[in-house]
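Reading the structure
Residue-level listing of the chains:
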Amino acid sequence: MASPSSPSFAAAVPVDRIRYNDQGLVPAIVQDYLDGTVLMMAWMNPASLQKTLETGETWFWSRSRQEFWHKGATSGHTQKIQAIRYDCDSDALLVTVEQIGDIACHTGERSCFHQVDDHKVSPPADTLSQVYRVICDRQAHPDPASYTCTLLDGGDNKILKKIGEEAAEVVMACKDDDADAIASEVADLMYHTLVALAHHGVDIKAVYRKLQGRRR
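Residues numbered from 1 in each chain as written. Predicted model: local features only at pLDDT ≥ 70, side-chain atom pairs only at ≥ 80, totals over all residues. Heavy atoms only, no water.

**Let's talk about the state of the cysteines**
If you walk through the whole model with that rule in mind, you get zero disulfides. You can see Cys105 has no disulfide; the closest cysteine sulfur is in Cys112, sitting 3.9 Å from it. For Cys105, a relative accessible area of 7% puts it in the buried group. Unpaired in this structure, Cys149 has its nearest cysteine sulfur neighbour in Cys136, at a distance of 12 Å. Judged by its relative accessible area of 4%, Cys149 falls in the buried class. (Disulfide = S-S within 2.5 Å. Buried < 20%, exposed > 50% of the residue type's maximum accessible area, 1.4 Å probe, protein only.)

**Description of the packing of aromatic side chains**
As enumerated under the stated definition, the model contains three aromatic pairs in all. With a centroid separation of 5.0 Å and an interplanar angle of 40°, the aromatic rings of Phe60 and Trp69 are classed as tilted. For Phe60, a relative accessible area of 0% puts it in the buried group. In this structure Trp69 comes out as partly exposed when scored by relative accessible area, which is 24%. The ring of Trp59 carries the charged tip of Lys51 above its face, separated from the ring centre by 4.5 Å. One Lys or Arg, Lys51, reaches over the ring of Phe68 and ends 5.5 Å from the middle of that ring. (Phe/Tyr/Trp six-rings, centres within 6.5 Å; stacked < 30°, edge-to-face > 60°. Lys NZ or Arg CZ within 6 Å of the ring centre and 35° of its normal.)

**Section: the pattern of salt bridges**
Overall, the coordinates contain 11 salt bridges when judged by the stated rule. Between Arg110 and Asp102 there is a salt bridge; the shortest N-O distance is 3.2 Å. Residue Arg138 is joined to Asp137 by a salt bridge in which the shortest nitrogen-to-oxygen separation is 4.0 Å. The class for Arg138 is partly exposed, based on a relative accessible area of 30%. (Salt bridge = Lys/Arg side-chain N within 4 Å of Asp/Glu carboxyl O.)

**Quick look at the layout of surface pockets**
The method is simple in principle: a probe with the dimensions of a water molecule rolls over the atoms, and the space it marks as empty is what remains. Estimated volume of the largest pocket: approximately 470 Å³. Forming the walls of the largest pocket are 23 residues, and the residues nearest its centre are Met40, Arg65, Trp69, Lys71 and His106. For the lining of the largest pocket, the elements supplying multiple residues, two or more each, are strand E2 (38-44), strand E3 (59-62) and strand E4 (67-70). Take the lining of the largest pocket: its biggest share by element is four residues, from E2. Grouping the amino acids of the lining of the largest pocket by side-chain chemistry returns 11 nonpolar, nine polar and three charged. (1 Å grid on protein atoms, 1.4 Å probe; cavity = no way out; pocket = protein on both sides within 12 Å on 5 of 7 lines; lining within 4 Å. Points joined across faces, edges and corners; volume = space filled by probe spheres on them. Helix = DSSP H or I, 4+ residues; strand = E, 2+ residues; numbered from the N terminus. Nonpolar A, V, L, I, M, F, W, Y, C, P; charged D, E, K, R; others polar.)

**Considering the packing of helix H2 (residues 127-140) against helix H4 (residues 179-199)**
Put simply, H2 and H4 touch, their axes get as near as 9 Å, and they point 50° apart. In terms of orientation, H2 lies oblique with respect to H4. The element H2 and its partner H4 pack so that their crossing is right-handed. Listed contacts from H4 to Leu128, Val131, Tyr132, Ile135, Cys136 and Gln139 of H2 are Met190, Tyr191, Leu194, Val195, Leu197, Ala198 and His199. Residues that form the contact of H2 with H4 fall into these classes: 11 nonpolar, two polar and no charged. (Axes fitted to C-alpha atoms, helices over the stretch in contact; angles between N-to-C directions. Parallel < 35°, antiparallel > 145°, perpendicular 65-115°, else oblique. Left-handed = near helix turned anticlockwise from the far one by under 90°. Contact = heavy atoms within 4.5 Å.)

**Here we look at H4**
With 21 residues, H4 should reach 30 Å at 1.5 Å per residue; the first-to-last C-alpha distance of 30 Å fits that figure. Listing the buried residues of H4 in full gives Glu185, Tyr191, His192, Leu194, Val195, Ala196, Leu197 and Ala198. Looking at the buried residues of H4, the elements they touch are H2, helix H3 (147-175) and helix H5 (204-215). One side-chain oxygen of the residue at the start of H4 lies 3.2 Å from the amide nitrogen of Asp180, identifying that residue as Asp178. Backbone geometry just after H4 places Gly201 at a positive phi near 70°. (Expected span 1.5 Å × (residues − 1). Polar contact = N/O pair within 3.5 Å; in protein donor to acceptor, adjacent residues only side chain to side chain.)

**With respect to a nonpolar patch on the surface**
Residues Val38, Met41 and Phe113 make up a contiguous nonpolar surface patch of roughly 240 Å² in combined accessible area. The topology assignment puts Met41 in strand E2. Using a relative accessible area of 36% as the deciding quantity, one classes Met41 as partly exposed. (Patch = residues over 30% accessible without salt bridge, like charges linked within 9 Å, V, L, I, M, F, W, Y side chains within 5 Å. Areas by Shrake-Rupley, 256 points an atom, 1.4 Å probe, with all protein chains shown as cover.)

**Examining the confidence of the model for the protein chain**
Fine structural detail should not be taken from predicted coordinates in areas where pLDDT scores are low. On average, residues of the protein chain score 93 in pLDDT, and 95% of them reach the 70 mark or higher. Predicted confidence is poor over residues 1-5, with pLDDT under 50, and the contacts of this stretch with residues over four places away or in other chains come to two contacts. (pLDDT = per-residue confidence, 0-100.)

Here it is, written out as structure tokens:
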């Protein structure tokens, strides 16, 4: 039973009912609460899970050092818990967090899962975040053949004109009650809105934070 001062999510995690392995550990997958990026995997034991619940920040058990470690205690890149879930077998945890500093890996990368065939890649996130990253890459590395670059080169006049056109097309698709057209036009509107965000230097995660705030 969580104490009155414990975070609200603590009561939803039955520490004693989690199924730990033969070493008394359970894997904890850590995920960004805004865009779903998988940040890291580490191990918890009952005591580190309890510390996590009590403090609202992640604590793990180091198998190599045989000691607790408070994520970000040295770097400042702490993880503030948003929710903790356990799977259908109660032998794995999914910990959604606000990653302070946007860096979870000790290498300085955002996610520990940043390698594919020895090449560094951006970790997978939700579709909107992935599209936004592509737009930002076009902004940083212009390509005359890119439609996105054409929009960015045109600035607000071109970008905002397209947003207005796409918004009108969404309205018309909704009036026609055409499900496929609605999905297509909303996708176009979202894309052009993401271009506007990139043009004005607004990170999509700032939008997610606004939505999360309103949800609460």
